[in-house]
Amino acid sequence: MPGQNEGADAHHPGVRHKESSHHRHLAAPVLGPARSVGPAAPPASASTSPPTSSAAAPSASPSASPAAACGTLEDPGVLLCPTCSAPLADSAHSGSGGAPGREDGDDRLLAALRASESRFRAAFCDAVIGMALIDPEDRIIEVNPAFASLIGRGVGELVRTHLHEIIDPEGMPPRLFTALVHSQRERFRVEKPLKHREGHTVWSKVTVSLIRDPAGKPLYTLALVEDMTEQRRLGDRLEYQALHDPLTRLPNRTFFFERLDAACLPGTEDRGNRGGSGRPVAVAEERRVGVCYLDLDGFAAINETLGHHIGDELLIAVATRLRRGLSERDAHLVARMGGDEFAVLVTDSVGSEQLTALAGRILEVLERPFDVAGHRLVVTASIGVVERSVHETTPTDLVKDADSTLYWSKADGRARWTLYDPDRGAHQLTRQLLATALRPALERGEFTIEYQPLVGLADGAVHGAEALVRWRHPRYGTLSPDRFIPLAEESGAIVPLGKWVLEESCRQARQWLTEFPDTETFVSVNLAARQIWDSDVVADVARALDSAGLPARLLQLEITESALLGPGGRPLQALQALADMGVRIAIDDFGTGYSNLAYLSRLPVHVLKLDGTFIEGFRDPAPPTAGHSAAAAVGGGGGGGASGASPATSSATSSATSSATSSAPAERPALPELHSRRRDADEQIVGAMVQLAHTLGLTVTAEGIESAAQAERLRLTGCDTAQGWYFARPGEAELVAAILRKGRPAPIHR
């Protein structure tokens, strides 16, 4: 009978099982130094064993042998049992009486080898993941059924198949193989597509490791292949959901910015492809990008009246039309940015003309009515257009400017496109900066108050002064109210600002009263409508008067006509409470708002302040005698708004205007004649307003007086008080005090 080593060699050819050489490699017992896991074999037993031949020993990988997994003896000349890793010469593997029998030992060794091979065969063939042994020439030695099933092939037909026939070699990193061969890493993993027999792709995760000989030289490559097609599909679905709008199926804001970021990346080479229009892509230094940012006009009304489900259906219809009209035709990216906002991205644009033409086409695409759930809906859009070089912008700035331009388009009338204007953008930015800085500026004390005298036209004396707030901005200098008051009203900062102006003005009026008790000069403070709605203005006024010790009769509050006569009863209730306290109420800019004359008899109003537009006609030279007679015929003063003029006056004015506008250009009256007509109309309107106010027991104040002639003509109409640069420009409180100290009328000529 052969010896132990001979028996092992005899098993390796695999006559019974038709094994290939690598199977014999996996099942072979291993020799090699290692720590001892049991008692050393007796010398006598060891001496009875035939000498071990290294040439006859199989070339097995220590990691692949079950003996190596259980441990080896330190003596390299002792053969281990492949089943339990114990020395084959010990008492458990020898014959009866402790002496090993040659025939008995051979049988035990063969049985152990067969059991070991069976275990490894079962592990290889029954594994649920694909396994493949590959030779150094990248040809498959053997695969298990799981691998063959993964790509729809049989086990036998894959043997000797070149690996590249089923796995694309592209993307396999050579550096990982190099690190693997040089033992710098034990294994590496990659995701690779496999070629299925039926032609489709099977995505897999491949774990690659090496099987080495006892000297450490690589013999085979072992690949473990896991099917991850479903995980890949799930990942693709999740990625699609993350980058697309679930309602319209258009790319979403995230996808849009990814494409925009890529389009704005700086480059130095020609990318060698063509844009959506078929033109060659521009050189990197000349690349441009454009955006059309659009919003549906009146979409909120559709949601509110017909329901959100109709609004959703409309958005789907709009998205479909945009995609078919733009994306499929020119390969431009159409995305839904949120709500009823969409954006069209044009990469490698050739100028603003291309973008404005695209915006015009968008309007054409949307102008046809939409039939949605039995409703025929007409939808228009406002579009903001921005186009510039990629080196002059960032994705964030591009979209920000496009969004701003969109709202300019809405402000300009809707259903149109607007091209970005840098000057207008700078103005918008300044507005935003001012709006943001309003509240901090109030805390830092950057606001101040100037006072402009209110002069009686009959006696030329200073009766009061209007408080005008100024902003001493550290960057922009002194800002007039028209620069920041609208912003304060929009942001709500007008409430604390107005309260501060009220308190400071009352305090200053008290100082005038203390120094000039006989004059009783009042202070006039502008009151914003939002102060009435967002705060308890009655309580605020009461606290300011009480804190300053100012009589209520010396405080006048000015409120605009539109705010006073707007919907709701709260302003009227607040004004009535203030009037009951003794505060004077003035309607500012009268004649430019609702001009509802019926309110005047019921409102607690004391003063009408005429808007400056009615005073412009008084700047012209004095009219002829007939004109003066017409003004005197009105009553020497009085009047309401334009709608408050008498029927005869309105008819005459309307007739004159109609005649002037409907006649042929050659028959139009000369320019001086038009000015004369306007001057006469203004005098008649102002006279009617003054007469109406006096009839109701109100006084009238005119603004914007710039000359003695204006002051005199307004005095002749019966106007009570006036203010303007002719009397004094707005200034510090000391300006009013200086006029009061002189004890003489302000400069006025009769």
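Please refer to the structure higher up on the page.
Positions within a chain are numbered from 1, following the residues in the order the chain's sequence is written. Whole-chain, interface and lining totals are the exception, using all residues; otherwise, since this is a predicted model, local features are given only for residues with pLDDT of at least 70 and side-chain atom pairs are given and counted only at 80 or more. Just so you know, side-chain values use all the structure's heavy atoms and leave hydrogens and water out.

J.: For this particular structure, what's the right way to read the overall build of the protein chain?
T.: Strands here mean DSSP runs of E at least two residues long; helices mean DSSP runs of H or I at least four residues long; both are numbered from the N terminus. Helices and strands together make up the secondary structure of the protein chain, namely 27 helices and 22 strands. Contact criterion: two residues are considered in contact whenever any of their non-hydrogen atoms come within 4.5 Å of each other. For the protein chain, restricting intrachain contacts to residue pairs at least 6 apart in sequence, the fraction spanning at least 24 positions comes to 66%. Split by element, the accessible area of the protein chain, about 36600 Å² in all, is 52% carbon and sulfur. Computed with the Shrake-Rupley method and a 1.4 Å probe, the accessible areas treat only the protein chains shown as cover for residues.

J.: Can you walk me through the packing of helix α17 (residues 494–515) against helix α27 (residues 733–742) in this structure?
T.: Angle between the axes and distance between the axes: these two values describe a pair of packed helices. For the pair α17 and α27, the least separation of the axes is 11 Å and the interaxial angle reads 20°. With respect to each other, α17 and α27 are oriented roughly parallel. Here the hand of the crossing between α17 and α27 comes out right-handed. Facing Gln508, Trp512 and Glu515 of α17, the residues of α27 in contact are Ala733, Val736, Ala737 and Arg741. For the contact of α17 with α27, the residue count by class is four nonpolar, one polar and two charged. Axes here refer to lines fitted to C-alpha atoms; in helices the fit is confined to the stretch in contact. Angles between the N-to-C directions go from 0 to 180 degrees. Throughout this description, any angle smaller than 35 degrees is read as roughly parallel, any larger than 145 degrees as roughly antiparallel, any in the 65 to 115 degree range as roughly perpendicular, and the remainder as oblique. Rotating anticlockwise by less than a right angle from the far helix to the near helix defines a left-handed crossing, while the corresponding clockwise rotation defines a right-handed one. Basically, the charged four are Asp, Glu, Lys and Arg, the nonpolar ten are Ala, Val, Leu, Ile, Met, Phe, Trp, Tyr, Cys and Pro, and anything else, Gly included, counts as polar.

J.: Help me out: how do you make sense of the sheet that holds strand β4 (residues 201–212) in this one?
T.: Sheets are built from strands that pair by backbone hydrogen bonding, the pairs being arranged parallel or antiparallel. When DSSP finds two or more bridges between two strands, those strands count as paired. Taken in spatial order, the five strands line up as β2-β1-β5-β4-β3 in an open sheet, and their pairing is antiparallel. Pairing within the sheet leaves two strands with one partner each, and these edge strands are β2 (140–143) and β3 (187–195). Each neighbouring strand pair of the sheet contributes to a mean axis angle of 30°, computed without reference to strand direction. As defined by bridge partners, β4 adjoins strand β5 (residues 218–227) across nine bridges and the pair is classed as antiparallel.

J.: Where do I start with the packing of α17 against helix α19 (residues 537–548) in this structure?
T.: The N-to-C vectors of α17 and α19 enclose an angle of 30°; their axes lie 9 Å apart at closest approach. Crossing of α17 against α19: the hand is right-handed. For the pair α17 and α19, the contacting residues are Lys499, Leu502, Glu503, Cys506, Arg507 and Arg510 in the first and Asp540, Val541, Ala544, Leu545 and Ala548 in the second. Tallied by class, residues from the contact of α17 with α19 come to six nonpolar, no polar and five charged.

J.: Quick question: what am I supposed to make of helix α16 (residues 481–491) here?
T.: Since the α-helix packs 3.6 residues into each turn, any two residues three or four apart lie on the same face. Burial classes: relative accessible area under 20% of the type maximum marks a residue as buried, over 50% as exposed, and values in between as partly exposed (1.4 Å probe, protein chains only). By the burial criterion, the buried members of α16 are Phe484, Ile485, Leu487 and Ala488. Buried residues of α16 fall within an arc of 170° about the axis and therefore sit on the same side. In α16, those exposed residues whose orientation departs by more than 90 degrees from the buried face are Asp482 and Glu490. Against the buried residues of α16 lie α15 (422–444), β13 (447–456), β14 (462–473), β15 (477–479) and α17. As used here, the arc is the angular range of directions from the helix axis to the C-beta atoms.

J.: Would you take a moment to explain the pairing of strand β19 (residues 607–610) for this structure?
T.: The two faces of the sheet receive side chains in turn, since in a regular strand these alternate between them. Where burial is concerned, the two faces of β19 agree: the one with Val607 and Lys609 and the one with Leu608 and Leu610 are both buried. Bridging between strand β18 (residues 584–590) and β19 involves three bridges; their strand directions are parallel. Bridge pairing links Phe590 to Leu610 in β19. As defined by bridge partners, β19 adjoins strand β21 (residues 699–703) across four bridges and the pair is classed as parallel.

J.: For this particular structure, what's the right way to read the nonpolar core?
T.: The term nonpolar core refers to a set of buried residues drawn from Ala, Val, Leu, Ile, Met, Phe, Trp, Tyr and Cys, joined through side-chain atoms within 4.5 Å. In this structure, Leu555 and Leu557 are the most contacted members of the largest nonpolar core, which totals 84 residues. For this core, the element with the most residues is α17, which contributes nine residues. Leave out the neighbours within four places in its chain, and Leu557 touches Leu502, Val525, Leu527, Val541, Leu578, Val583, Arg584, Ile585 and Ala586. Residues Phe299, Val344, Ala359 and Val385 belong to the second largest nonpolar core, which totals 30 residues.

J.: Looking at this structure, I do not really get the pattern of salt bridges. What am I missing?
T.: Pairing is possible between side chains that carry opposite charge, provided their charged atoms lie close to one another. In the sections that follow, a salt bridge refers to a side-chain nitrogen of Lys or Arg positioned within 4 Å of a carboxyl oxygen of Asp or Glu. Taken as a whole and assessed by the stated rule, the structure comprises 33 salt bridges. Between Arg472 and Glu450 there is a salt bridge, and its shortest N-O distance comes to 3.3 Å. On the criterion of sequence distance, the pair formed by Arg472 in strand β14 and Glu450 in strand β13 is long-range, its members being 22 residues apart. Residue classification places Glu450 among the buried residues on the basis of a relative accessible area of 12%. The network of salt bridges with common partners includes Glu450, Arg470, Arg472 and Glu732.

J.: Is there a simple way to think about the environment of Val159 in this case?
T.: Mapped onto the elements of the fold, Val159 is located in the loop between α7 (155–158) and α8 (174–181). Taking the C-alpha atoms as reference points, Val159 and Val143, separated by 16 residues in sequence, lie 7.4 Å from one another. Those residues in contact with Val159, other than ones at most four positions away along the chain, are Ile140 and Ile141.

J.: It is not clear to me how the sheet that holds strand β6 (residues 288–296) should be interpreted in this structure. Could you clarify?
T.: The strand order β7-β8-β6-β11-β12 describes an open sheet built from five strands, whose pairing is mixed. The open sheet terminates on both sides in strands that have one partner only, identified here as β7 (333–338) and β12 (417–419). Averaged over neighbouring strand pairs, the angle between their axes works out to 20° when direction is ignored. Sheet analysis places β6 next to strand β8 (residues 341–347), joined by seven bridges and oriented antiparallel. The residue of β8 that forms the bridge with Val291 is Leu345.

J.: Would you mind showing me how to read helix α13 (residues 352–367) here?
T.: To estimate the expected span of a helix, subtract one from its residue number and multiply by 1.5 Å. Compared with the 22 Å implied by 1.5 Å per residue over 16 residues, the 23 Å span of α13 between its first and last C-alpha is a close match. Buried residues of α13: Gln354, Leu355, Thr356, Leu358, Ala359, Gly360, Arg361, Ile362, Val365 and Leu366, and no others.

J.: Explanation requested: the pairing of β7 in the structure shown.
T.: Among the six residues in β7, five count as buried, and that is most of the element. Connecting β7 to the next strand, β8, in antiparallel fashion are two residues, including Gly339 with a positive phi near 60°.

J.: Is there a simple way to think about a negative patch on the surface in this case?
T.: A cluster of like negative charges, contributed by Asp236, Glu239, Glu258 and Asp261, occupies part of the molecular surface. Elements with a contribution of two residues or more to the negative patch: α9 (229–243) and α10 (253–263). Here Glu239 lies in helix α9. For Glu239, a relative accessible area of 47% puts it in the partly exposed group. Nonpolar side chains (Val, Leu, Ile, Met, Phe, Trp, Tyr) are joined into patches within 5 Å and like charges within 9 Å, using only residues with over 30% relative accessible area and no salt bridge. Here the positive residues are Lys and Arg and the negative ones are Asp and Glu; neither His nor the chain ends is included. Where a charge lies is defined by one atom per residue type, namely NZ (Lys), CZ (Arg), CG (Asp) and CD (Glu).

J.: Honestly, unusual backbone geometry in this entry has me stumped. Any pointers?
T.: Residues other than glycine predominantly adopt negative phi, and peptide bonds predominantly adopt the trans conformation. One non-glycine residue with positive phi stands out, namely Glu520, at about 50°. In this fold, Glu520 is placed in the loop between α17 and β16 (522–526). Take Glu520: its relative accessible area is 32%, and that puts it in the partly exposed class. In this structure, Asp589 takes a positive phi of about 55° despite not being glycine. Relative to the elements of secondary structure, Asp589 occurs in strand β18. The class of Asp589 is partly exposed, set by a relative accessible area of 24%.

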